Amino acid sequence: MDIEKLEILGTTQNGNSNTHTEKPKKTKNWLLVIINCAIVFVGAIGSPLLMRLYYLHGGSRIWLSSFIASAGFPILIFPLMFLFFRSKSSADNYFSSFWLEPKLFLWGAILGVMYGLVTFMYALGLSYIPVSTSSLLMATQLCFIAFFTWLIVKQKFTAFIINAVVVMTLGSVLLGINTDGDRPVGVSKAQYLLGFVLTLSAAALAGLIMPLIELAFSKAIRNLTYSSLLQFQFVLSVFSATVCVIGMLANKDFQAIPREANDFELGKANYYIIMVATAITWQLSGVGTMGVIFYASALFNGILSSVLIPLTGVAAVMCYHENFTSLKGMALTLCLWGLCSYFYGEYKMMNNVMNKESTKRLDKVEDEYEEP
């Protein structure tokens, strides 16, 4: 069963109409949530490791690294072509609704420009700090997502969510206390601090973008399909890449690419292979993120990203033998504590909702039984 059929089935099972005139609703199809989580897993761990590999072996073009984070959008053409031709054999109303509506196109363009700035700040920050430090700093994205989801999409807060936000923020602050313990060779103290600030700023802006994507989906007129999500990601990536291309032209990166490839320590062929692999993994992460936000929520996407932080840090230590300081360990512990707090709060909330629903059903049955 393919993604579109799973999507329609999930919508039908939850009592949502399959027409395109109603306000879109989340399908609550957990199979699709799991699939998109798996896609995020591959992209979120692979992309920073590959980008760091580029920097470790002679790469130094910041705008090029930013461009690579969005440049993988052409791979989306193949699934979109498949879904397009499949829609031609479906009902006419489904075919007419295949294309992304103008309102979402505009949202994708605006958020794409913002995402281009995020990738630049993240790429520049990663050139000065290790992957494990960068990953833990990006964990603060959850704090910003939580705040902006409360402000923009009216996400409800609980004491457990607040506790998670506080302890994960403390964890990121710990990373800035010691600027010498894990500073890469050749990076000055000022550059390390700049990388710290830029990565934290990227996390904040990314934390704003996630709930804005959820808001954009909620403003759609037609029910969204998986092809809509792919088109939205395509538009966002095109505009993000355009911002980076402008930066590359101003910085003369295009003229420097052949020279950098020839001087790359792992060889010219490996240089381009790393570029292509990085672009693909970044795009996978973006596609999975769109799916998680639509089928779950922006806050859940932030939680998922934070769950992958320890795995990314461990992978960086294993692959690049980065120094894992005691303060970094404390920060990681606080992040895990925050995650546990969040999941426990969600567990209690779900139990309360289920208990209330059970009580209502029981009361209704008793009322019907007592009627003469």
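The rules we used
Residues numbered from 1 in each chain as written. Predicted model: local features only at pLDDT ≥ 70, side-chain atom pairs only at ≥ 80, totals over all residues. Heavy atoms only, no water. Helix = DSSP H or I, 4+ residues; strand = E, 2+ residues; numbered from the N terminus. Buried < 20%, exposed > 50% of the residue type's maximum accessible area, 1.4 Å probe, protein only. Contact = heavy atoms within 4.5 Å. Phe/Tyr/Trp six-rings, centres within 6.5 Å; stacked < 30°, edge-to-face > 60°. Axes fitted to C-alpha atoms, helices over the stretch in contact; angles between N-to-C directions. Parallel < 35°, antiparallel > 145°, perpendicular 65-115°, else oblique. Left-handed = near helix turned anticlockwise from the far one by under 90°. Core = buried A, V, L, I, M, F, W, Y, C linked by side-chain atoms within 4.5 Å.

**Student:** Can you walk me through the environment of Tyr128 in this structure?
**Tutor:** Position of Tyr128 among the secondary structure elements: in the loop between helix 6 (102-126) and helix 7 (131-138). Relative accessible area serves as the criterion here: at 18%, Tyr128 is assigned to the buried category. Sequence spacing of Tyr128 and Val187 is 59 residues, and the spatial spacing of their C-alpha atoms is 6.3 Å. Excluding its chain neighbours within four sequence positions, the residues that come into contact with Tyr128 are Pro184, Val187, Gln191, Tyr192, Leu194 and Gly195.

**Student:** What is the right way to read the packing of aromatic side chains from this model?
**Tutor:** To describe a pair of aromatic rings, you give the distance between the ring centres and the angle between the ring planes. Tallied over the full model, the rule gives 15 aromatic pairs. Between Phe105 and Phe239 the ring centres are 6.1 Å apart and the planes differ by 80 degrees, which places this aromatic pair in the edge-to-face class. Taken together, the residues span a long stretch of sequence, with Phe105 in helix 6 and Phe239 in helix 11 (residues 226-251) at a distance of 134 residues. In this structure an aromatic cluster arises from ring pairing among Tyr54, Tyr55, Phe264, Tyr271 and Tyr272.

**Student:** Before we go on, may I ask you to explain the packing of helix 12 (residues 253-263) against helix 13 (residues 268-295) in this structure?
**Tutor:** When two helices pack together, their arrangement is captured by the angle between the axes and the distance separating the axes. For the pair helix 12 and helix 13, the least separation of the axes is 7 Å and the interaxial angle reads 120 degrees. Comparing the axis directions of helix 12 and helix 13 gives the class oblique. For the crossing formed where helix 12 meets helix 13, the hand is right-handed. Residue-level inspection shows Ile257, Pro258, Glu260, Ala261 and Asn262 of helix 12 in contact with helix 13, the latter providing Lys268, Tyr271 and Tyr272.

**Student:** Can you walk me through the nonpolar core in this structure?
**Tutor:** Side chains of a nonpolar character, in soluble globular proteins, are inclined to be buried together. Judged by nonpolar contacts, the single largest core of 96 residues is most densely connected at Ile213, Phe217 and Phe232. Among the elements that make up this core, the one with the highest residue count is helix 10 (residues 189-218) (14 residues). Setting aside its immediate chain neighbours within four residues, Phe232 contacts Leu100, Leu104, Trp107, Gly108, Leu111, Ile213, Ala216, Phe217 and Met290.

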